[in-house]
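Coordinates in review
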Amino acid sequence: LASVSKSAASSAKWPDRTHEGQGALLLTSNGLSTQPLKQAFFEAVPDTTTVSRKDGRIRVAYVPTALLAPSPDSTRSPGDAKRRRRYQANKRARDMEADLGPSFQVTSVDIAEVAGAELEDVLRGSECVYVDGGNTFYLLYYMQQSGFGDIVQDMVCREGALYVGRSAGSIITGQSASTALWK
């Protein structure tokens, strides 16, 4: 992952500083859906013995923002559609925590609703940032508005955090989001 991390970081307009913190990028189209991807994930996150917390659990900041984008094709009321999307995102976070096991704690943070110092506190309290798929351009907009991009770039490049992207979460690390338009 270190070599993937360095080439991905330099092609993503992120300075190639991963050697400072030994951070890594794990960019996927469908998340941790296969055993090799899960193995790569477990190898890239810090060992629980190196985590300086009482409970020793590894914190994962789960960002469902792309998944929460409004759909122009929805027949539901805007309020009902939003509640259903939020329910689905919370379920994904719970399922992820159950799948990863007792050594992990997953916290969901929607960057369309949380920004600035509050967002920075949540993210910097995590060893891993997992950005889910969905509407790439909605995610990109709120990534820029909330300061998420700068915070995560610093976490990966200088602090050794692991960044996991699923679909839209992977696309936003590139030089352009135009691949989201490929059909």
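Residues numbered from 1 in each chain as written. Predicted model: local features only at pLDDT ≥ 70, side-chain atom pairs only at ≥ 80, totals over all residues. Heavy atoms only, no water.

1. Describing the pattern of salt bridges
One pass over the full model with this rule turns up 14 salt bridges. Here R86 ties to D110 by a salt bridge, and the two come within 3.2 Å at their closest N and O atoms. Within this pair, whereas R86 is found in helix 4 (residues 78–100), its partner D110 is found in the loop between strand 3 (104–108) and helix 5 (116–124), the two being separated by 24 residues in sequence. Residue classification places R86 among the partly exposed positions, given a relative accessible area of 25%. When its relative accessible area of 8% is taken as the criterion, D110 is described as buried. Two residues, R158 and D154, come together in a salt bridge whose shortest N-O distance is 3.4 Å. Here R158 and its partner D154 are both found in helix 7 (residues 148–159), four residues apart, which amounts to about one turn of the helix. (Salt bridge = Lys/Arg side-chain N within 4 Å of Asp/Glu carboxyl O. Helix = DSSP H or I, 4+ residues; strand = E, 2+ residues; numbered from the N terminus. Buried < 20%, exposed > 50% of the residue type's maximum accessible area, 1.4 Å probe, protein only.)

2. Overview of the environment of R85
As for its placement among the helices and strands, R85 is situated in helix 4. A relative accessible area of 16% places R85 in the buried class. In this structure the C-alpha to C-alpha distance between R85 and S71, which are 14 residues apart in sequence, comes to 9.9 Å. Non-local contacts of R85, meaning those with residues more than four positions away in its chain, are made with L67, L68, A69, P70 and S71. A polar contact is formed between the side chain of R85 and the backbone oxygen of L68, at a distance of 2.9 Å. From its side chain, R85 meets the backbone oxygen of A69 in a polar contact 3.4 Å long. (Contact = heavy atoms within 4.5 Å. Polar contact = N/O pair within 3.5 Å; in protein donor to acceptor, adjacent residues only side chain to side chain.)

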